Amino acid sequence: MPKKPIAVITGASEGIGRALSVKFASEGYITVLAARSEENLRTTADLVGEAGGEYLVVRTDVTAENEVETLFRKAAKVGDLAVLAVNAGVGTFKAVEEITIEEWQAMLDVNLTGAFLCTREAVKLMKKANAGHIIYINSLSGKRALSWGSGYSASKYGLRGLADTVRIELRKSNVKVTSVFPGSVDSSWWDKFDFDFPRNQMVTVENVVEAIWSALAQKGRSVIEEINLRQVGGDF
């Protein structure tokens, strides 16, 4: 009997990561759920279970090299890694002169270094299997400068560069790389900020998951390398 494919999802504790985990479960993947909040991960795990899916919860700080190595070591014991969804992210939105070095460093550490660490470990497994798909959930801020978001944009531009380079390196290993660039998404992300954006006009978490799935559904050698997803009215 063939093994079920494994999907590792970072930032699986809420928002896009949670919804994507449930989608993977409904499509027959074993989900490896990673985030810093074990309590929130357990909520995601319950939803995955309700969808009939199997899961492994691994509390992980993606900025900690040893924890990322442990995450992928545990994932490899469950089965063959088919997908890595790089979704963990943080943001601070202030004028550049108001950003502290701690806030700046946190964005680079989670959004970029964390992505690198997860990519490095996933690639080791995928190259051995000569198969796999890495999904980078980036942001419109990774393609266009965002006012009040110098640190966030810098980290997301860096993530775009990482993804583009990894894609080139992995072409001969049959590993696909897709970057997703959503505009503002109506998710729990915005609960952390005091912004008066019209959330009912944002793209939904479900929109993002559907877009990601369109990339994963590509068969054979075909790959969707980038997805730009925005609300029809334009910017924000």
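On a predicted model such as this, the values are computed, not experimentally measured, just so you know.

Participant: Tell me about the pattern of salt bridges, residues and numbers included.
Facilitator: Enumeration over the complete set of coordinates arrives at 12 salt bridges. The partner of Glu27 in a salt bridge is Lys23, with the nearest N and O atoms 3.0 Å apart. The class of Glu27 is partly exposed, set by a relative accessible area of 40%. Taken together, the salt bridges that share partners define one network made up of Glu65, Glu69, Arg120, Glu121 and Lys124.

Participant: So, the packing of helix α1 (residues 15-26) against helix α6 (residues 205-216): which residues are in play, and what are the values?
Facilitator: Their axes nearest at 9 Å, the elements α1 and α6 cross at an angle of 50 degrees. On the basis of the axis angle, α1 is oblique to α6. As for how α1 packs across α6, the hand of that crossing is right-handed. Counted together, Gly15, Ile16, Ala19, Leu20, Lys23 and Phe24 of α1 and Val205, Val208, Val209, Ile212, Trp213 and Leu216 of α6 form the full contact between these two elements. Partitioned by chemical class, the residues of the contact of α1 with α6 number 10 nonpolar, one polar and one charged.

Participant: Account for α1, naming residues and giving values.
Facilitator: With 12 residues, α1 should cover 16 Å at 1.5 Å per step; its first-to-last C-alpha distance of 17 Å lies within 8% of that length. Of all the residues in α1, the buried ones are Gly15, Ile16, Gly17, Leu20, Ser21, Phe24 and Ala25. Once α1 ends, the next one or two residues include Gly28, with phi positive near 95 degrees.

Here is what the cut-offs are and how they apply
Residues numbered from 1 in each chain as written. Predicted model: local features only at pLDDT ≥ 70, side-chain atom pairs only at ≥ 80, totals over all residues. Heavy atoms only, no water. Salt bridge = Lys/Arg side-chain N within 4 Å of Asp/Glu carboxyl O. Buried < 20%, exposed > 50% of the residue type's maximum accessible area, 1.4 Å probe, protein only. Axes fitted to C-alpha atoms, helices over the stretch in contact; angles between N-to-C directions. Helix = DSSP H or I, 4+ residues; strand = E, 2+ residues; numbered from the N terminus. Parallel < 35°, antiparallel > 145°, perpendicular 65-115°, else oblique. Left-handed = near helix turned anticlockwise from the far one by under 90°. Contact = heavy atoms within 4.5 Å. Nonpolar A, V, L, I, M, F, W, Y, C, P; charged D, E, K, R; others polar. Expected span 1.5 Å × (residues − 1).

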